[in-house]
Structures are given as C-alpha cells and as structure tokens.
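For reference, the chains in residue letters:
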Amino acid sequence: MFTCRAVHSVTGFCSCRSFAYLTIKDRLPQILTKAIDTLHRHKSEFFEKHGEKGMEAEKKAISLLSKLRNESQTDKPIIPFVEKFADTDIWNQYLEYQQSLLNDTDEKPRWFYSPWLFVECYAYRRIHEAVIQSPPIDDFDVFKEAKEQNFFESLESITALCIHLQELMTTIEDLEENQLKNEFFKLLQISLWGNKCDLSLSGGETSSQKTNIINTLEDLKPFILVNDMEHLWSLLSNCKKTREKVSVTRVDIVLDNSGFELVTDLVLADFLLFSNLATEIHFYGKMIPWFVSDTTIHDFNWVIEQVKHCDHKWVSKCGVDWENYVKMGKWVYHDHIFWTGPHEFCAMFHVAPDLYAELQKAHLILFKGDLNYRKLTGDRKWEFTVPFHRALNGFHPAPLCSIRTLKAEIQVGLRPGQGEQLTASEPNWLTTGKYGIFQFDGPL
Ligand SMILES: O=P(O)(O)OC[C@H]1O[C@](O)(CO)[C@@H](O)[C@@H]1O
Ligand SMILES: [Mn+2]
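Cut-offs used in this document
Residues numbered from 1 in each chain as written. Chains lettered and ligands numbered in written order. Predicted model: local features only at pLDDT ≥ 70, side-chain atom pairs only at ≥ 80, totals over all residues. Heavy atoms only, no water. Helix = DSSP H or I, 4+ residues; strand = E, 2+ residues; numbered from the N terminus. Rg over C-alpha atoms; globule rule 2.2 N^0.38 Å. Buried < 20%, exposed > 50% of the residue type's maximum accessible area, 1.4 Å probe, protein only. Contact = heavy atoms within 4.5 Å. Areas by Shrake-Rupley, 256 points an atom, 1.4 Å probe, with all protein chains shown as cover. Lys, Arg positive; Asp, Glu negative; His and termini not counted. Charge placed at Lys NZ, Arg CZ, Asp CG, Glu CD. Donors = N, O, S within 2.8 Å, 3.2 Å for Na, K, Ca; no water. Polar contact = N/O pair within 3.5 Å; in protein donor to acceptor, adjacent residues only side chain to side chain. Core = buried A, V, L, I, M, F, W, Y, C linked by side-chain atoms within 4.5 Å. Domains from an automatic or database assignment. Buried area = accessible area lost by both parts, 1.4 Å probe. Salt bridge = Lys/Arg side-chain N within 4 Å of Asp/Glu carboxyl O. Expected span 1.5 Å × (residues − 1).

The name given to the protein in an unreviewed UniProt entry is Sugar phosphate phosphatase, and the organism recorded there is Molossus molossus.

Next up, the structure:
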C-alpha cells in the first residue's frame, strides 16, 4: 500500500544538504539582505513622505529584518508573533501546535528542525511583521521593485502574448471545435511555463521571460510529466454545451506570481471568457507580500494598468478589456488571509470555512504554482505513485487542477517507475522548475 513517510523537516531525512535546508540556510538570508537593501535605497523617499519619523521607521524595519536573518541563520527557536494583525492568533496557535508535536520535552521548534513548509511561511510572515511594526512605512512592500522589474524585463514576451490573444479573438468565430481546443491547450501551457518565473527560488534574483514563449511550447512538451489538459477541456466544453440549463460557468484561479506569470494567467482568463468556455473568473491573491513574487491586489491592479498603458495598441486593448471585466464583475478578485497562513489546504474546511464555501461555487479551480502544490499535498514525502486524490487528504471543494513547475521535492500521481527513472537520469529533476504538470482531481 502507499505510505506517506513523514512531513519534510528542513534538514531533510538523511542529509544536511537537502533542498529545504538550503532554502532556509542560503536563499532566505539572501532574500532578507535584498529586502534590507531595498529599504535602505528608499530612505530618502521615506524622509520626503514622513520626515524624521520615516527615517526612524526605516531603521527599525532594518534592525528587525537583521534580527530575523540572524535567528534563521543560527537556528534559534521559532518565536511567537507580537504585533496585532488579522491572523496573529491563528499563527500563534499554530506555533503552539508545532510545539506540542515535540511531545513533552522542553525543546522549542527551531528553524532547521521544523517542517519546511511551516518554516518558510513563517519567515515571510515575520518579514511582514517587521514592516507593520514600523509605522508610518507599514504598508511598504519590500518585494515590489523585484516584481515590477520582472514585468519590465518580460515586456517583449508579454507583448507577443497579448498580440497573440488579440489575433485569436478576431478569428475565434471561425475556429472548429478542435482548433479551439488546441488554442486552449496552448494558453494553458503558456500559463504553466509562466510559473518558471518565480523569484523565491532564485533568491530574489531576476527571473523573467525573455524569449517568445509561444514558439517554445512544442519543445517543452516532453517535460510535462502529468498532462490532464484533456480533462479540463471535457469539463469546460461540457459546461458550455449545457449552458442553457446552467447559465454560469465559473472558473477560479488561485494565483501565484506577479509579473510575467500573472499576465499568462490573465491571458488565459480572457480567453476563457471570449471563447465562452467560462462566464466568470474569480481570482485569489495574497493579502501580504509573500514568497517574494506572489500577487497582491496592488500587483494585480498594477499589472493591468501597465498593460493598459503599453505603447502597442493591441497590448493596451488587453489592459482596457481586463479593467472592464473587473468593473463588470466578470472578473472578481478575492482576498483571504488563509492563503498566507501556515495551514495545508486540507485544513481549510475547518480553519477557513467561508473560503471553502466560496471555492465550492466554482466549476473548476486552477491552482497555480509550486507552493500551492505543496499546500494541496501537505508537503509530505509521498511516494511518487500515490494518487493525487489521496494526497489531497479530503480537500475536494470542486474539480481542481494544479498547474505547476516542479520546484520542491514532492510529486504524486506518477506512473510506476517514472519518478525513479527521472531520479536516475537527472538527480535534481524535482527542484529546477524544468518539469511541469497539469494534475486534475474531480469526477470525469
Ligand atoms: O512561486 P511558486 O511556484 O509557488 O514557487 C515557490 C517555490 O520556491 C521555493 O521558495 C524555493 O525555495 C519553494 O519553496 C516554493 O515552493
Ligand atoms: Mn510564488
């Protein structure tokens, strides 16, 4: 029978050089140093805006982030949150739960000896705490610049993609069923490979899309390890055919990274509307800056605004359309604090029943990115062949699909031998972002 060996701890099972360990030991300090540097560079802006108080706040935020860097590098105990925020109690309760797992010893959960998913999320929540403890600069996003840079560096690819979308829009009426399906598959794959561009894997270093992604899709196909795109097509095209009975088809997209990846998701969302495969799209972003590049409401609006003001008329047409979808309620953006909490998704039903109920209204939910996959599967060391349905551990609000490039040592639902073969030929296949999946769960 399938077994789920254990939850990852940061140090891994047998090696102090596990991917999780290196993330905390090397990448996190690098990310924190970049955040500190960003605050430094905005010093005069803080002064202009808030006078001396702004300068003091900058110093305070920097000292809190330096303290955090020291704690994480020297494997100090994980300490509770002190600043009052929407989720402070939820987080502190979770910390107590982690403590309780250490049985009755006096041991405290520590940076290198706690589950990786928990420690990484905790780190980003602590970065946020450092900022909100430093008014009047408490709404400053230390990752904003990096996200904007990713967008600007990907502009050529974004332009090509938006032009492709507009061309498609003009020919859509003439497309046969099969051609429409092909176009859908193309945009799904673009959204998949857009997930290569996250900034936490690269330690906050730039990771943008410089080539025209549409031309590379064929070459990338062999790297799709699980390909359930057909299921997505059957589900949505059936909804379309039965539209008279059910007037709404709702697709929910749990967003991941801003910049290029977000544009690929918006392009897909636009296509779903004008092809009539869906009638409403609901997006979920993060309420606080998260894993460097994740999308907040500010990023969502910023990207649409940037696209709208692009020089190319077809690109800016995309921005105008997207803004109108939001105004008309065809695109709905949701915030929920659960997404930046410590819990895996199987806990959502109890921890955030309102969010679970919201997701239940969808005909299909697309979960973008690697972190969402880790939270879907509880970041456990599942065997490669464990069915996705089983790894979801009771999380079934609606038919769902993970669209993710592999950047963490976890993958389920593979064919027997597939994972072992990859490990033999490419030891790092799980963590480089080279491979991708469309993994569906739901009735067929
Ligand atoms: O943006 P994504 O696809 O969720 O990727 C973030 C991933 O990068 C990492 O931070 C790399 O350390 C993983 O922990 C995480 O799963
Ligand atoms: Mn991300």
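Having seen it, we continue.
*Asks:* For this particular structure, what's the right way to read the overall build of the protein?
*Replies:* Within the protein, the regular secondary structure consists of 18 helices and nine strands. Against the compact-globule benchmark of 22 Å for 444 residues, the protein has a radius of gyration of 22 Å, which places it among compact chains. Projected onto its principal axes, the C-alpha coordinates of the protein cover approximately 65 × 60 × 40 Å. Expressed as a percentage of its 444 residues, the buried residues of the protein come to 58%. When contacts within the protein are restricted to residue pairs at least 6 apart in sequence, those whose partners lie at least 24 apart make up 79%. With an accessible surface of roughly 18700 Å², the protein has 53% of that area assigned to carbon and sulfur atoms. Charge separation in the protein, taken as the distance between the mean sites of 48 positive and 61 negative side-chain charges, equals 2 Å.

*Asks:* Any chance you could explain the coordination of the manganese ion (ligand 2) here in plain terms?
*Replies:* Between any two of four tetrahedral donors, the ideal angle at the metal is 109.5 degrees; between two of six octahedral donors, it is 90 or 180 degrees. Coordination of the manganese ion (ligand 2) by the protein involves Asp-256 (OD), Asn-257 (OD1) and Asp-294 (OD), with metal-donor separations of 2.1 to 2.3 Å. The sequence pattern formed by the donor residues of the manganese ion (ligand 2) is D-N-x36-D. With Asn-257 in the loop between β3 (250-254) and α11 (260-274) and Asp-294 in the loop between β4 (280-285) and α12 (297-308), this residue pair connects regions lying 37 residues apart in the sequence. The same class applies to Asn-257 as to Asp-294, namely buried.

*Asks:* Quick question: what am I supposed to make of the environment of Ser-234 here?
*Replies:* Relative to the assigned elements, Ser-234 resides in helix α10 (residues 229-241). Separated by 210 residues in sequence, Ser-234 and Leu-444 place their C-alpha atoms 8.3 Å apart.

*Asks:* Looking at this structure, how should I read the side chain of His-282?
*Replies:* Within the secondary structure, His-282 is located in strand β4. Polar side-chain contacts of His-282 include one of 2.8 Å to the side chain of Glu-280. Apart from the residues lying within four places of it in its own chain, the contact partners of His-282 are Arg-250, Val-251, Asp-252, Ile-253, Val-332 and His-334.

*Asks:* When you look at the nonpolar core in this model, what are you seeing that I'm missing?
*Replies:* A general trend in soluble globular proteins is that nonpolar side chains are found buried together. Within the largest apolar cluster, 79 residues are counted, with the highest numbers of intra-cluster contacts made by Trp-111, Trp-339, Met-348 and Phe-395. It is helix α5 (residues 116-132) that provides the largest number of residues to this core, a total of 11 residues. Both domains that furnish three or more residues to this core are identified here as domain 1 (19-133) and domain 2 (144-441). Counting 63 residues, the second-largest nonpolar core is a separate cluster that includes Leu-192, Leu-220, Val-251 and Phe-440.

*Asks:* Could you clarify how one ought to interpret the domain arrangement of the protein in this entry?
*Replies:* When the parts of a complex come together, some accessible area is lost, and that lost area is often used as the size of the interface. Assigned domains within the protein: domain 1 (19-133) and domain 2 (144-441). Here domain 1 and domain 2 have C-alpha centroids that lie 28 Å from each other. If you look at the interface, domain 1 gives 21 residues, while domain 2 gives 25 residues. Approximately 2100 Å² of surface area, both sides summed, lies buried where domain 1 meets domain 2, with 68% of it carried by carbon and sulfur atoms. A per-residue breakdown of the area domain 1 buries against domain 2 is headed by Phe-19, Leu-117 and Tyr-124, which together make up 31% of the total. At the junction of domain 1 with domain 2, the criterion picks out two salt bridges. Glu-120 is the salt-bridge partner of Arg-374, the closest N and O atoms lying 2.8 Å from each other.

*Asks:* Looking at this model, I keep getting lost on helix α7 (residues 155-171). Mind explaining?
*Replies:* For an α-helix, 3.6 residues make a turn, and residues three or four places apart therefore share a direction. Taking 1.5 Å as the rise per residue, α7 with 17 residues should run 24 Å; its terminal C-alpha atoms sit 25 Å apart, in good agreement. Of the positions making up α7, those classed as buried are Ser-157, Ile-158, Ala-160, Leu-161, Cys-162, His-164, Leu-165, Gln-166 and Leu-168. Buried residues in α7 make contact with α6 (144-153), α8 (177-194), α11, α12 and α13 (313-328).

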